[in-house]
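Below, each chain spelled out in residue letters.
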Amino acid sequence: MFFTFPSYEYVVPIEVKQPGEIRWRVMDMVGPGFFVATLSFPGDDHAAIRTMFFNWDSDLVHMIESPRIEAVLHSLHYVCPSDGREKPFETRAVRQIWRGVDRDADNCEVIIFKTTTDFEFCGQDAISVPHSVTQVALIATVPTKPACV
Amino acid sequence: MFVTRPNDRYPLPRGLAEPDADYWRSLALATNAAWYVLTVRPPTEEHLQTTMLIQWDVDVADSLEASPVDLASLLCIAPPTYNGESDGWSSFSVAEVWRATDPHEDDNPCVVFVSDDGREHTGLFAEAKTGLVKTQLVARVNPSRAAANDAVGPRS
């Protein structure tokens, strides 16, 4: 989860921001990692690819699948900061997002991410996909390009 | 800058929240400039670590100088080049952070990030640059715990 304190705010004139919008120089975060997606929306200029950060896989999928938003996903990475000790910094380039169900958990929905290195993980904690999870449907294919986050 | 909107807010119960803190489930970037993921270890017995997303290079340097922390890892995420070679973000792990001056820019002060491969990066877009005059080391990533970034290709 991301969190901010008042001193982190970057104050800009109200005329240059949308109602309710707050701009920040710094974001703190807690948790194992986060998703960074580049997206574009209908009506956007070709060069106006937006970069968005998500804590939860469900929010990301909601954004992609929303018929009101019609977002086009250009790249997706899972960023997992170092734990400050043994675990190094890690980024995972995602090439596909799948919906699955976990038969050991009352068939609850699971979001599965397949990386460009053929690794699969699921959930916000980016755990390995349990054997009890079955893939059901492809949610999105991500264009993968070299040297991108 | 990072941008939040009302829909991004995560309604953490007041009893669980830090005083004055706002919690967010998502956010966006407002500027097409480099940004940084900084992980530091404060000198505490608990060995807790803190991770921050920081927009500006000067804030990275100021944060590291403001308190005696151990730099665990620093990743720079740089914007697309728009030159036909890449339309995605690129990244590099930082080994050292320096205060410097840039002879090509009237000796203006700047912050230099030395990447794992020894190249020096500076400016709004963290471009690789030569000839910078490093004046003061701000921080060096602890070599025994240096960051790794296997999944992202090196920046060209």
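Criteria and thresholds
Residues numbered from 1 in each chain as written. Chains lettered and ligands numbered in written order. Predicted model: local features only at pLDDT ≥ 70, side-chain atom pairs only at ≥ 80, totals over all residues. Helix = DSSP H or I, 4+ residues; strand = E, 2+ residues; numbered from the N terminus. Contact = placed C-beta atoms within 7 Å. Buried ≥ 20, exposed ≤ 12 C-beta atoms within 10 Å, placed from the backbone. Core = buried A, V, L, I, M, F, W, Y, C linked by C-beta atoms within 7 Å. Pairing = 2+ DSSP bridges. pLDDT = per-residue confidence, 0-100. Arc of directions from axis to C-beta.

Within chain B, the secondary structure is distributed over one helix and 11 strands. Ordered by position from the N terminus, the helices and strands of chain B form the series β-β-β-β-β-α-β-β-β-β-β-β. Looking at chain B alone, contacts between residues at least 24 apart form 51% of all its contacts between residues at least 6 apart.

If you tally the helices and strands in chain A, you get one helix and 11 strands. Overall, chain A shows an N-to-C arrangement of helices and strands of β-β-β-β-β-α-β-β-β-β-β-β. Here chain A holds 149 residues, and 34% of them are scored as buried. Long-range pairs, those at least 24 residues apart, make up 52% of the contacts in chain A with a sequence separation of at least 6.

Of all hydrophobic cores here, the largest spans 69 residues; its most connected members are F35 of chain A together with Y36, C76, V94 and V97 of chain B. When residues no more than four places from it in sequence are discounted, the contact partners of V97 of chain B are V60, A61, L64, V111, F113, V138 and A139 of chain B.

The next point concerns the pairing of strand β8 (residues 108-115) of chain B. Residues and elements named next belong to chain B. Pairing geometry for strand β7 (residues 90-102) and β8, over eight bridges, is antiparallel. Residue pairing in the sheet places A100 in a bridge with C110 of β8. As consecutive antiparallel partners, β7 and β8 are separated by five residues, and within that stretch D106 has a phi angle of approximately 55°, a positive value. Note that β8 and strand β9 (residues 120-122) share two bridges and pair antiparallel. Residue V114 lies in a different strand from β9, and its bridge partner there is E120.

This brings us to the environment of M1 of chain A. Counting through the fold element by element, M1 of chain A comes out in the segment before β1 (2-4). When the C-alpha atoms of M1 of chain A and G33 of chain A are compared, they prove to be 8.6 Å apart, with 32 residues separating the residues in sequence. Residues in contact with M1 of chain A, not counting those within four places in the same chain, are M29, V30, G31 and N55 of chain A together with Y10, Y23 and R25 of chain B.

All names here are of chain B. Counting all residues, the mean pLDDT for chain B is 84, and 83% of those residues have values of 70 or more. This stretch, residues 145-156, has a pLDDT under 50; its non-local contacts, to residues over four places away or in other chains, come to 38 contacts. Scored as a complex, the prediction yields pTM 0.85 and ipTM 0.87.

This prediction gives chain A a mean pLDDT of 87; 91% of its residues lie at or above 70. Of all the helices and strands in chain A, strand β6 (residues 72-80) of chain A carries the lowest mean pLDDT, 88, while β1 of chain A carries the highest, 96.

Residue and element names in this part refer to chain B. Three or more residues of helix α1 (residues 57-66) are buried, namely D57, V60, A61 and S63. Along the axis of α1, the buried residues cluster in a sector spanning 160°; they form a single face. On its buried side, α1 packs onto β4 (35-41), β5 (50-54), β7, β8 and β11 (133-140).

Residues and elements named next belong to chain A. As paired elements, strand β4 (residues 34-40) and β6 share seven bridges and run antiparallel to each other. The residue of β6 that forms the bridge with A37 is L76. Pairing of β6 with strand β7 (residues 90-102) involves four bridges; the strand directions are antiparallel. Residue V79 lies in a different strand from β7, and its bridge partner there is T91.

Moving on, we come to the environment of N107 of chain A. Residue and element names in this part refer to chain A. Residue position: N107 is located in the loop between β7 and β8 (108-115). N107 gets classed as partly exposed once you count the C-beta atoms within 10 Å, which come to 13. N107 sits 24 residues away from H131 along the chain, and the two C-alpha atoms are 13 Å apart. Setting aside residues no more than four positions away along its own chain, N107 makes contact with V101 and D102.

Residue and element names in this part refer to chain A. Although it is not a glycine, D106 adopts a positive phi angle of roughly 55°. By secondary structure assignment, the location of D106 is in the loop between β7 and β8. Of note, the phi angle at A126 is positive, near 55°, even though the residue is not glycine. Topologically, A126 is positioned in the loop between β9 (120-122) and β10 (127-128). Among the residues examined, A126 registers 18 C-beta atoms within 10 Å and is labelled partly exposed.

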